[in-house]
Structures are given as C-alpha cells and as structure tokens.
Amino acid sequence: MEDKLISKVPEGPLAEKWTKYKEEIRVVSPANKRKMEIIVIGTGLGGASAAASLGELGYNVKIFCISDSPRRAHSIAAQGGINAAKNYQNDNDSVYRLFYDTIKGGDYRSREANVYRLAEVSNLIIDQCVAQGVPFAREYGGTLSNRSFGGAQVSRTFYARGQTGQQLLLGAYASLNRQIAKGTVKSYVRHEMLDLVLINGEAKGIITRNLVTGEIERFGAHAVILASGGYSNVYFLSTNAMNSNGSAAWKCYKKGAYFANPCFAQIHPTCIPVHGTQQSKRTLMSESLRNDGRIWVPKKMEDVLKLKKEQIKPSQIAEEDRDYYLERRYPAFGNLVPRDVASRAAKERCDAGYGVNKTGLAVFLDFKTAIARLGKPIIEDRYGNLFQMYEEITTTNPYEEPMMIFPAIHYTMGGIWVDYDLQTTIPGLYAIGEANFSDHGGNRLGASALMQGLADGYFILPYTIGDYLSHKFTDPFTDINAPEFVEAEKNVKNRIHKLFAIKGKETVDYYHKKLGDIMWEKVGMARDEKGLKEGISQIAELKDEFWKNVYVSGKNEEFNQELEKAWRLADYFEIGDLMARDALNRKESCGGHFRTEMKTEEGETKRDDENFMFVSAWEYSEKVPIFHKEPLTFEFAKVETRNYKD
Amino acid sequence: MNFTLKIWRQANAKTKGHFEKYQVHDISPDTSFLEMLDILNDQLIRDGSDPVAVNKSCHTEGPVAFDSDCREGICGMCSLYINGRAHGPEDDITTCQLYMRKFKDGETITVEPFRSAGFPIIKDLVVDRGAFDKILQAGGFTDINVGSAPDANSILVSKVKADKSMDASACVGCGACVATCKNGSAMLFVAARVSALADLPQGKTEGVKRAKSMVAKMDELGFGACTNTQACQMECPKGITVANIARLNKEFLSSKFKD
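Residues numbered from 1 in each chain as written. Chains lettered and ligands numbered in written order. Predicted model: local features only at pLDDT ≥ 70, side-chain atom pairs only at ≥ 80, totals over all residues.

K.L.:
Even after reading the chapter, I still don't get the overall build of chain A, so can you show me in this structure?
P.N.:
For chain A, the count of helices and strands is 18 helices and 19 strands. Here the C-alpha radius of gyration of chain A, 24 Å, is about what a compact globule of 646 residues would show, namely 26 Å. When the 646 residues of chain A are sorted by exposure, 60% land in the buried category. Here the analysis covers contacts within chain A between residues at least 6 apart in sequence; of these, 75% occur between residues at least 24 apart. (Helix = DSSP H or I, 4+ residues; strand = E, 2+ residues; numbered from the N terminus. Rg over C-alpha atoms; globule rule 2.2 N^0.38 Å. Buried ≥ 20, exposed ≤ 12 C-beta atoms within 10 Å, placed from the backbone. Contact = placed C-beta atoms within 7 Å.)

Structural data, given as structure tokens:
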C-alpha cells in the first residue's frame, strides 16, 4: 500500500469498529474549540449539517456557497427519500442488511467499515431530522411512513412527498441559521472557492472570488472541509443544477489531494428524454416512481414504428404486446433493480431498435396497473407533484399515457480520496458528501446520497475532525498574509487574466457542449478501450482549442456569469481526462462502469475481483497523473456476483 | 417561433437601469424560457466578440445576467417578472418550468427583475434576496442540538398535521410574493415558515417567540406591511395560501399576549 493511502480502518468486529474508534480518538475542550476556525465549502446536506454541528460544538465556522443562499444547494433537488435501518415496517431490516445492500449495490468497490458506519448512524439521522420538524410522510396513527427503493427488498426509505432533499436541506439550513444567529457560523454567499492554500503541507485556508464584485479574498482556518458536491456537469447535460461544478474539488486535487475512482459516474434510468439541441439540462423523475410504475417497450417492431409516426398511442398497445423487460430479466427485483442495471437494460432495448420516441432513445414508465389497483387519488397523493412536473415539460398527462424516460448522468460516486476520518491525503483537508468517494463504490443506491451527506456532516466528521484539531489548538489563527496566500492569490488572478486575454470567437457553452458530447459518447454508459483512447485525445484537442479560441465577455470586477462558467469549464477538461484515464485503467465492468469488453453472455457486468478489487487514487502531476491503489478487503460481507434475478 | 424581448438592463446597484429590445428567432416551442434566454445570451456574446458589431450599436454590452440553478422548480434561484407577472403567465410554476409554447409567435415579451425595497438589484435581472436568510435566522428553526433527538417514532404527528406542515414547507424562498405585493411585504414567506412549525410538537417551547421575532426582523429589513390584497398567493409557484398568514397572525398575537 502507498504511504499516503492509509485507510485508518480500526481493527475489530465490524459492528464494534466505530464505537471503539470513537472511544479512542481525542476530543477538544470547549475552551480550545473557541480558539479554532474551520472553513466549510458548500452548503448542501453535507456542508450545512457539518457547519451547524461544528458551530454547536463551539468552533468558529465560516461557510461558503456560490448561490445567493445556502438553501439553493443542489441537495434540494433530491426527490425520492432517505434510507435508514429503523425496521419500523417489521420487514426484518437491520443495520447489517442496509450495510449489505449498500456494499452489494456498489458492486463491492467500497470500504466495508465506512459503509457499515453509514448504516449504523442512519437511524440517528431520522431522529435528528424529525426533531428539526422535517415533515416526513406519516401514517394516520402519526408514525412515520416508508417506501421501497431500488436495490432493496425492504421498505426503509423515509420521504417527504417527492421533495425529500428539499425538506432535509431546509432542516439542515435551519440548524445552520440557528448557529449563524448565535454567531458561531459566518455565512458567505455568492463566494466561490478558487484555490486551496497549504502551509507546511497542511490545509490552512482558501482563496475566493466574490461573485458580485469580483473581489479576490483570502480566508484562513485550522482546517478546511470540502463539501462541494460532484462533477456530473462535465457531461454538460446532466440532472445536476446549472451551477453545480467540480472545480473546488479539482483545486484540492491539484494541491495534492488524491482523486479516487473518478470513472464511477451514475447514470439514472428515469429522466425525461432529450428533446433538442438547445436543451440546458436533463430533468430527473424520481426513482420512487419505480415503486408503482412499470417499465416497458413494445414487443413488436411494427408497434414501435407506429409510435414513432404517432399513428397509435402507447395506451392502445395491448398488454400481451408489451415487453416489461426488467420484470422479464430480473424477476426477483423487477422494476426495482439498481440504477446502473435499469439504465443499461434501457440502453439495450433502445440499441436493439425498440426505443419509443422519435429519437429512438426512450422507454415507457407506466402507471396503468397501479392506478387500476390503488385508484387515482392514492397515486396522486404519492407522486402528484412529479406527474404535474412531467406534464408541464412534455404536455403528456401521465395518468392517461405512460411517461417516457431515458437514462441521464446524475451523480458521481468518485471523488476526493478520504480515510476513515474523512480526511484527504492533505492533512487538515476533509471531504464529505458527494465530494468524497467513500461509501457507494461503483454504484450508489437510491436514497443513499442524502443519508451519506447527513451522516458525514452530523455524526461522523464532528467527531473525527476533533482528533486532528486536538493537536492544533496551540496554533494561532492562520495569517492570511503568509507568502503561501500571496502566491495562491497571484495564481488565481493570473488564470482569470489568462481567460479574458484569449478573446477568441466561440462561447464558453459551445465548448462545454462539445466536451459533453465526447464524454457521453466515449466515457458514458458503455465504454471500451478504443473509444476511451479516442476520448482522451479528443478532450486534449478541445481543451487546446478552448484556451486559444474561447471568448469570455466582460471583466473580473463585476457580476460575471461567463467568467464563472469559463473557470469551471477549464477544470472540466481536466476532470474529463482523468475520468477517461481511470475508465481505461479499470479493465473490468462494475457498477456504473461498463466496459463492453467485459460482460457475461447475458450482457451483465463482469467484475474482475482478482485484478481490480481496489480503489484507484490518482495523484496530480504536471505531466500525467500518477496512479495509486488502495486494495479492498472484505472480511464480513461475502463477495459474490450481483444477482437481482432470483 | 420568433420573439421580441424587452429586457431590463442595469450594470449594478448604483447605476440607473433601462429597457433594451432584442430579437430571437427560430425558437422551438419546447424550449424553456430560461433556455431561450441562454440562446439570446449566446447571440449577445457572439456580437460582443465582434468589435464591429459593438461599435455599430450603442446597446448595453454583454449577456443578460439572470439567476437560475436547478431548472426544475425546486431550488428557488430563478426569478423574473415576465409580462407583468412573477414567474410569467402560468400559475403554480417557477420561471424555469415555463415553456415558450405558452407564448404567441411574434409576441413582445417584457422581462424585469423582482423589484422590491427588500431586494436590491445586483445586475440586470439578478437581485439580492439575502434578507430572506436573515428573517429565518431570527427564529425559523427548532432549538435542538445534534445528538439530543429522541427516537423519531416517539414524536407522533397526525397525518393531517404533517401534510399541512408539508404544504407550508413547500416554499422555495424565491421571493415572488414580495415582488408581487404592492407593499413589498414578505408576510407570505414568513407565514409559510411559521405555520410549517406551528402545528408540530417539535419546537413548541421556543416557538412562543418565533412569530414575533421573525416579523420584527422583516420590518427591520425594509419589507412593507400586509394589507390583505392576497396578490402573493396568486403568484406563489408552490401554492402557499394566505391561510398561513392568518395562522401567523394567530401565533403573533399569542406571543404578544405572553409578553
């Protein structure tokens, strides 16, 4: 194992690791907490919950977000729910079962101890959120309701209509507001982190740009927490918000934090299909719809052709002429197979020519059976807002005709490498939530992102960071006039200047769309050696052209959205390149990473545990990134081929 | 489809703003309103990269600044006053959920920022809604530390009350209510948060002062008073009703009595 890649997983039985570890790590006294500063980048579930918890503990926290309010963070868009092993449904759920489902769902490419800990604290999250007043769905008797999600055979998902992420974020944001009011947390909105500052190899601060005035500012701290989310927007069209970006994480990578499993990106099966070339993003339809919706395409090619010519409506196709392909291929899980499996199955049918819209890139998600079984009012109560949203976008009423869906990039499992403490390879720099790589392996199960963000922020990081800070309380406040800050600020200003100086002919979005096309074609749902190599060289060419021919309008000293986009896109070329390299390096199919050279006769993913049971961790270097690996060992979960058939 | 756009341009909070007219052509009816603005901006940037075009016309340089993020109606980042209505002509949606098929081909569309004393303009169509954060910091939370919560099912909440709380919690904090109100009042916003918590057992103890301190903060930040015009509920993209304001008033009075 490489020197820096020490996972710090404690010894002992799985179920006792975290308890024992917590007892052994050091804590900081209240008087000393007041002497220390912590920077949090990002205000989603991870960042907001971490900042609120650290504020409650008495640290001086500064929290930064690029939006006009912490409440806008993209966690807000999560629809379906949050998992927890409460076993309120008496369906034999347990911490172990949630752990097992998550490890298996991730195709055995995550760390056992981290995942077990996640499952262990999941129940505390629900308690905390209820105490905050999060309006989870309830039964008439007043107890909490649950529903099922992909990759699980129990009902463990807690939800607030189709707006669970919003409600959880408003809960974390409320806790954050409470700390801001108390003065323990200071909030900096419309501030973008543009670089990480290291002093003697430790994370000591950041450089930011005030997005309203353009002012470049320095902030110091005893530790920095990265909670800036994922990098799905490298594909241009994704379900992520327009401003979600990978730049903060990328700056940390370039300062020495290893980047883990960059090629693991999640493609969500239930998104509204692409409608034209001017589209700015993909809209997600919650996975919860697969509780009651059935996915199908026609069995007969003649029906496909009639649909394309709009000669028949989908509802006119007889029951026996429908191919419910997920139920056919995966009888045990049916429509609730994990996301990667459902996405590939949709691609398989569309590649075979059975796609149902004009572009041939869509399948049906049908509620006919559920409406007949439960009645329209119940379906409306469960999914009303989603149905309304679908109709607004497509003008089709999903109570009458099935929805049309097609996979889209949604989430990145890869991210900054962290140890059991959630600390990166840079001392004093922590990464939480989607920004790190830790818990989801090759594929994330639905309703687990919210769980992870809040687990990290409320219950894990506040403990582990104490161990680090217990050695730092004698350090004075960081001097932002130190040469390292001066140097970092200079570099940031130079890069901004360089972007304006190009004065080329093409817009930022033009290049972003081109990059997105390359990524989707070559580093998308199906990957192979030839394509990945082509992708790497095409990205390099495009990046070159961008730096010669992009036009960034306006100036730095103003509110300038083109500059923001250009800054982030410049990093996306590099992120895309690393994703392709990692995908090329991982000559196995696993989770969301499907190498067409590696499949079973039935077309399922074929893992190679002998050669690839590791976390890839890339170290930045000016020429080509340096590859390291952290081997994964499974002491407790039995490693087997994922089976959703029986 | 083709459109004439009359758009408010303003370099920053300190300068005077004005309307500019632009033409956009060949817009697909399936394009969203914000995607149409993306297309306009692409056009304006290309004009700007060509010095001849800039010299030719005296119009405001560069793309139109506007806020947006999730583009699926949940983050509350997008705003815009379109043809005299917050979030445009359709009910119950945010601007990002508005599609060009809702307009007539050849129509002139007027686009303005959310105007209110409480929301200073940052640039063009972008306003500063930071006051909303400050109002919530004045009491829009339950007083609970991480680690001290009881088991979730030990707090029973009837489905009716949970649903009511969820209805009020659907507020996305976009500010359409303020922009629509002739008094520039933030009552609907405050009321949504107060009534989301009012019927729940959680936060009851400290909730006594919640309504009073949030309303006081709203007044302090320059928002106007509520005169029951009910315009706010007409424009709320999330269907928050003025019944919440009645609930806020009840909470407000009861906290006054307890003083």
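K.L.:
I'm lost on the overall build of chain B in this one. Help?
P.N.:
Looking only at helices and strands, chain B has 10 helices and seven strands in total. Viewed in the frame of its principal axes, chain B has a C-alpha envelope of about 70 × 40 × 35 Å. Counting only residues that meet the buried cut, chain B has 52% of its 259 residues in that class. Summarising the internal contacts of chain B: among those between residues at least 6 apart in sequence, 70% fall at separations of at least 24.

K.L.:
Quick question: what am I supposed to make of the environment of A:Gly12 here?
P.N.:
Residues and elements named next belong to chain A. Within the secondary structure, Gly12 sits in the segment before α1 (17-24). Among the residues examined, Gly12 registers 13 C-beta atoms within 10 Å and is labelled partly exposed. A sequence separation of 312 residues divides Gly12 from Tyr324, and the C-alpha atoms of the two residues are 46 Å apart.

K.L.:
Looking at this structure, how should I read the domain arrangement of chain A?
P.N.:
Put simply, an interface is often sized by how much accessible area is lost when its parts join up. All names here are of chain A. The domain architecture assigned to chain A consists of domain 1 (268-409) and domain 2 (483-605). The gap between the C-alpha centroids of domain 1 and domain 2 is 31 Å. Every contact between the two is made by six residues of domain 1 and, on the other side, five residues of domain 2. Per-class residue counts for the side of domain 1 that touches domain 2 are one nonpolar, one polar and four charged. (Domains from an automatic or database assignment. Nonpolar A, V, L, I, M, F, W, Y, C, P; charged D, E, K, R; others polar.)

K.L.:
Just to check I follow, could you spell out the pairing of strand β2 (residues 60-64) of chain A for this structure?
P.N.:
For a regular strand, side-chain orientation follows a simple rule: the groups alternate between the two sheet faces. Residues and elements named next belong to chain A. Counting buried positions over the five residues of β2 gives five, a clear majority of the element. Residues of β2 alternate between two faces, with Asn60, Lys62 and Phe64 on one and Val61 and Ile63 on the opposite face, all of them buried. Judged from the five bridges that link them, strand β1 (residues 37-41) and β2 form a sheet pairing that is parallel. Within β2, the residue paired with Glu37 across the bridge is Asn60. In terms of handedness, the path from β1 via helix α3 (residues 45-57) over to β2 forms a crossover that is right-handed. Both β2 and strand β5 (residues 185-188) contribute to a ladder of four bridges, which runs parallel. Along β5, the bridge assignment pairs Ile63 with Ser187. (Pairing = 2+ DSSP bridges. Right-handed = clockwise from strand over helix to strand, strands pointing away.)

K.L.:
How should I be thinking about the packing of helix α4 (residues 159-169) of chain B against helix α6 (residues 187-198) of chain B in this particular structure?
P.N.:
All names here are of chain B. Running from N to C, α4 and α6 point in directions that differ by 160°, and their axes come no closer than 8 Å. It follows that α4 is roughly antiparallel to α6 by the angle criterion. Like other packed secondary-structure pairs, α4 and α6 cross with a definite hand, here left-handed. Between α4, through Ser165, Ala168 and Ser169, and α6, the contact on the second element is made entirely by Ala192, Ser195 and Ala196. Of the residues in the contact of α4 with α6, the class split is three nonpolar, three polar and no charged. (Axes fitted to C-alpha atoms, helices over the stretch in contact; angles between N-to-C directions. Parallel < 35°, antiparallel > 145°, perpendicular 65-115°, else oblique. Left-handed = near helix turned anticlockwise from the far one by under 90°.)

K.L.:
Mind showing me how you'd approach the sheet that holds strand β6 (residues 191-199) of chain A here?
P.N.:
By way of backbone hydrogen bonds, the strands of a sheet pair with one another, either parallel or antiparallel. Residue and element names in this part refer to chain A. The antiparallel open sheet is built from three strands, whose spatial order is β6-β7-β8. If you trace the sheet from one side to the other, it starts and ends with β6 and β8 (216-220), each paired once. Across this sheet, the average inter-strand angle for adjacent strands is 25°, counted without regard to direction. Two strands pair when backbone bridges link them, and strand β7 (residues 202-210) and β8 are joined in this way by five bridges, in the antiparallel orientation. Its bridge partner lying in β8, Ile207 is registered against Arg218. Helix α14 (residues 483-502) rests against β6, β7 and β8 of the sheet, and its axis sits at about 140° to β6.

K.L.:
Teacher, can you tell me more about the domain arrangement of chain B here?
P.N.:
All names here are of chain B. Looking at the assigned domains, one finds that chain B contains domain 1 (3-123) and domain 2 (129-258). Computed from C-alpha atoms alone, the centre-to-centre distance between domain 1 and domain 2 is 31 Å. Taken together, the contact pairs 18 residues of domain 1 with 18 residues of domain 2. By residue class, the composition of the side of domain 1 that touches domain 2 is eight nonpolar, seven polar and three charged.

K.L.:
Explain the nonpolar core here, please?
P.N.:
Grouped burial of nonpolar side chains is what soluble globular proteins tend to show. In terms of nonpolar packing, the biggest core is built from 279 residues, with A:Ile225, A:Leu226, A:Ile416 and B:Val190 touching the most fellow members. Excluding its chain neighbours within four sequence positions, the residues that come into contact with A:Ile225 are A:Ile38, A:Ile39, A:Val40, A:Ile41, A:Ala50, A:Tyr430, A:Ile432 and A:Leu461. (Core = buried A, V, L, I, M, F, W, Y, C linked by C-beta atoms within 7 Å.)

K.L.:
Just checking my understanding: could you explain the interface of chain B and chain A for this structure?
P.N.:
Opposite the 66 residues of chain B that make contact, chain A presents 62 residues. With eight residues, the single largest contributor to the side of chain B that touches chain A is helix α1 (residues 33-48) of chain B. Of the residues in the side of chain B that touches chain A, the class split is 29 nonpolar, 22 polar and 15 charged.

K.L.:
Which parts of the structure should I look at to understand the sheet that holds strand β15 (residues 403-412) of chain A?
P.N.:
Residue and element names in this part refer to chain A. Pairing within the open sheet is antiparallel, and its five strands lie in the order β11-β15-β14-β12-β13. Since the sheet does not close on itself, it has two edges, and those belong to β11 (265-271) and β13 (322-323), each with one partner. Here strand β12 (residues 294-298) pairs with strand β14 (residues 363-366) via three bridges, running antiparallel. Considered in β14, the bridge of Arg294 is made with Asp366. Helix α10 (residues 339-351) rests against β11, β12, β14 and β15 of the sheet, and its axis sits at about 65° to β11.

K.L.:
Explain the environment of A:His74 here, please?
P.N.:
If you trace the backbone, A:His74 turns up in the loop between β2 and β3 (82-83). Taking the C-alpha atoms as reference points, A:His74 and A:Met242, separated by 168 residues in sequence, lie 9.4 Å from one another. If sequence neighbours within four positions are ignored, A:His74 has contacts with A:Gly44, A:Gly229, A:Asn240, A:Ala241, A:Ser244 and B:Cys70.

K.L.:
Before we go on, may I ask you to explain α1(A) in this structure?
P.N.:
Side chains of residues three or four places apart in an α-helix project in the same direction, reflecting 3.6 residues per turn. All names here are of chain A. Those residues of α1 that fall on the buried side of the exposure criterion are Lys17, Trp18 and Tyr21. One face of α1 carries all of its buried residues, which in axial projection span an arc of 85°. Of the exposed residues in α1, those oriented more than 90 degrees away from the buried face are Lys20 and Glu23. Looking at the buried positions of α1, the neighbouring elements they touch are α5 (112-132). (Arc of directions from axis to C-beta.)

K.L.:
Explanation requested: the confidence of the model for chain B in the structure shown.
P.N.:
Across chain B, pLDDT averages 93, with 95% of residues at or above 70. In the predicted complex, the global pTM is 0.96; the interface-specific ipTM is 0.96. (pLDDT = per-residue confidence, 0-100.)

K.L.:
Please explain helix α16 (residues 529-549) of chain A as it appears in this structure.
P.N.:
All names here are of chain A. In this model, α16 (21 residues) spans 30 Å end to end at C-alpha, consistent with the 30 Å of a helix rising 1.5 Å per residue. Regarding α16, the residues found buried are Gly531, Leu532, Gly535, Ile536, Gln538, Ile539 and Phe546. Close packing links the buried residues of α16 with α15 (508-522) and α17 (561-585). (Expected span 1.5 Å × (residues − 1).)

K.L.:
How should unusual backbone geometry be read in this particular structure?
P.N.:
Residue and element names in this part refer to chain A. Residue Asn87 is not a glycine yet carries a positive backbone phi of 55°. Along the polypeptide, Asn87 turns up in the loop between β3 and α4 (95-105). If you check the backbone angles, Tyr108 has positive phi at about 55° while not being a glycine.

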